Amino acid sequence: MENLRYPIGHYQCPEKISAEHIQEWIMILETLPERLENLVKNLTAEQLETPYRPEGWTIRQVVHHIADSHHNSYTRFKWTLTEESPVIKAYEEKEWSNLFDARTAPIQLSLNYIKALHAKLVYLLKGLSSSDLMKYYVHPDGNVKVSLAENIGKYAWHSNHHYAHIEGLLKREGWSF
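Let me begin by describing the structure that accompanies this report.

Each value, and the rule that gives it
- Per chain, the residues get numbers from 1 upward, laid out in the order the sequence is written.
- The predicted nature of this model means local features are confined to residues of pLDDT at least 70 and side-chain atom pairs, given and counted, to a pLDDT of 80 or more, with totals for whole chains, interfaces and linings taken over all residues.
- Side-chain metrics rest on all non-hydrogen atoms present in the structure, leaving aside hydrogens and water.
- Runs of E in the DSSP output that reach at least two residues are strands. Runs of H or I that reach at least four are helices, and both are numbered from the N terminus.
- Atoms counted for the radius of gyration: C-alpha only. Globule rule: 2.2 Å times the number of residues to the power 0.38.
- The contact criterion used throughout is that any non-hydrogen atoms of two residues lie within 4.5 Å.
- In these tables, accessible area is a Shrake-Rupley quantity obtained with a 1.4 Å probe, and a residue counts as shielded only by the protein chains included in the view.
- Only four residue types enter the tally: Lys and Arg on the positive side, Asp and Glu on the negative side, with His and both chain ends excluded.
- Charged side chains are reduced to one point each, which is NZ for Lys, CZ for Arg, CG for Asp and CD for Glu.
- Two strands qualify as a pair provided DSSP detects at least 2 bridges between them.
- Planes of paired rings set the category: under 30 degrees apart is stacked, over 60 is edge-to-face and the rest tilted, where pairs are Phe, Tyr or Trp rings (Trp by its six-membered ring) whose centres lie within 6.5 Å.
- Any Lys NZ or Arg CZ that is within 6 Å of a ring centre and within 35 degrees of that ring's normal is treated as a charge sitting over the ring.
- Each salt bridge in this description consists of a side-chain nitrogen of Lys or Arg and a carboxyl oxygen of Asp or Glu lying within 4 Å of one another.
- Relative accessibility decides the category of a residue: with a 1.4 Å probe and only protein chains considered, values under 20% of the type maximum give buried, values over 50% give exposed, and everything between is partly exposed.
- Contacts described as polar in this section are N or O atom pairs within 3.5 Å, which, within protein, must combine one atom able to donate a hydrogen with one able to accept it, while residues neighboring in sequence count only if both atoms come from side chains.
- Here, axes are lines fitted to C-alpha atoms. For helices the fit covers the stretch in contact, and angles between N-to-C directions go from 0 to 180 degrees.
- Should an angle fall under 35 degrees it is called roughly parallel, over 145 degrees roughly antiparallel, and 65 to 115 degrees roughly perpendicular, with every other angle called oblique.
- Should the near helix be turned anticlockwise from the far one by less than a right angle, the crossing is termed left-handed; should it be turned clockwise, right-handed.

### Looking at the overall build of the chain
- The helix and strand inventory of the chain stands at nine helices and two strands.
- Reading the secondary structure of the chain in the N-to-C direction produces α-α-α-α-α-α-α-α-β-β-α.
- Here the C-alpha atoms of the chain give a radius of gyration of 16 Å, agreeing with the 16 Å that 2.2 N^0.38 yields for 177 residues.
- Its C-alpha atoms give the chain principal-axis dimensions of roughly 45 × 30 × 30 Å.
- Contacts in the chain between residues far apart in sequence, at least 24 positions, make up 75% of those at least 6 positions apart.
- Accessible surface for the chain amounts to roughly 9,800 Å². Of this, 52% is attributable to carbon and sulfur atoms.
- Side-chain charges in the chain split into 19 positive and 22 negative, and the spacing between the mean points of these groups amounts to 2 Å.

Next comes the structure, spelled out in structure tokens:
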């Protein structure tokens, strides 16, 4: 079950984040919209309603979750760049994924949103200075400080994490992609 839940493992932030890490992570964020759309564009309505693991979200919910989560992350980047060490607003991702839109909306809505959002996000990230990357926000769960450099890594991991959820299900079911 752990392999189904964390197919690429848990996020591990490097002790020292290099410029190469940042470039690699931004590339993952830049390519996610196209990779994700290519992965899911030919799925049937029935396939979209399939959970990626027992008691997990459906593919539809995962796609909408990526849009919601990355929307929140983009806002966190903006807050951190414009405020001094802001305490961010956490959100109940499981509850968001149970809302009507996440359970029923066409995935194309979120695919289009992810494409636009990531274009803006990547443009912003490519313009960050070394001092910008060291700025941080405070997550209210445990008052954890998260630098912008680390947040780039977290969301690159998050992109690959959920992509792997869907890809793994497609492979296990023998659905072509």
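We are not done yet, so read on.
### Considerations on the pairing of strand E2 (residues 144-147)
- Of the strand pairs in this sheet, strand E1 (residues 136-139) and E2 are connected by four bridges, and their pairing is antiparallel. Across the sheet, the residue bridging to Val138 is Lys145, located in E2.
- The hairpin turn running from E1 into E2, its antiparallel successor, is four residues long, and Gly142 in that turn takes a positive phi close to 90°.

### Some remarks on the packing of aromatic side chains
- Scanning all chains against the criterion turns up two aromatic pairs.
- Its end group placed over the ring of Tyr163, Arg35 keeps NZ or CZ at 4.2 Å from the ring centre.

### Describing the pattern of salt bridges
- Across all of its chains, the model carries three salt bridges by this definition.
- Among the salt bridges present, the one from Glu30 reaches Lys126, with a minimum N-O distance of 3.3 Å. A residue pair is termed long-range when its members are at least 10 positions apart, and Glu30 in helix H2 (residues 19-40) and Lys126 in helix H7 (residues 107-126) qualify at 96 residues.
- For Glu30, a relative accessible area of 37% gives the class partly exposed.
- The partner of Asp132 in a salt bridge is Lys135, and the shortest N-O contact between them spans 3.6 Å.
- Asp132 sits in the buried class, given a relative accessible area of 16%.
- Its relative accessible area of 33% is what places Lys135 among the partly exposed residues.

### Observations regarding the side chain of Ser73
- Structurally, Ser73 can be placed in helix H4 (residues 59-82).
- A distance of 3.2 Å separates the side chain of Ser73 from the side chain of Asn151, its partner in a polar contact.
- Not counting residues up to four positions away in its chain, the partners in contact with Ser73 are Asn151 and Tyr155.

### Quick look at the packing of H4 against H7
- At a minimum axis distance of 9 Å, the contact between H4 and H7 shows a crossing angle of 25°. On the basis of their axis angle, the class for H4 and H7 is roughly parallel. You can see that H4 and H7 cross each other, and the crossing is left-handed. For the pair H4 and H7, contact is made by Arg60, Val63, His64, Ile66, Ala67, His70, His71, Tyr74, Phe77, Lys78 and Leu81 and by Ile107, Ser110, Leu111, Tyr113, Ile114, Leu117, His118, Lys120, Leu121, Leu124 and Leu125, respectively.

### Quick word on the side chain of Thr50
- Secondary-structure assignment places Thr50 in the loop between helix H3 (45-48) and H4.
- Reaching out from Thr50, the side chain makes a polar contact with the backbone oxygen of Glu46 at a distance of 3.2 Å.
- Setting aside anything within four residues of it in sequence, one finds Thr50 in contact with Trp57, Thr58, Ile59, Leu169 and Trp175.

### Some thoughts on the environment of Ala116
- In this fold, Ala116 is placed in helix H7.
- For Ala116, a relative accessible area of 44% puts it in the partly exposed group.
- Between the C-alpha atom of Ala116 and that of Pro33, which follows or precedes it by 83 residues, the distance is 8.8 Å.

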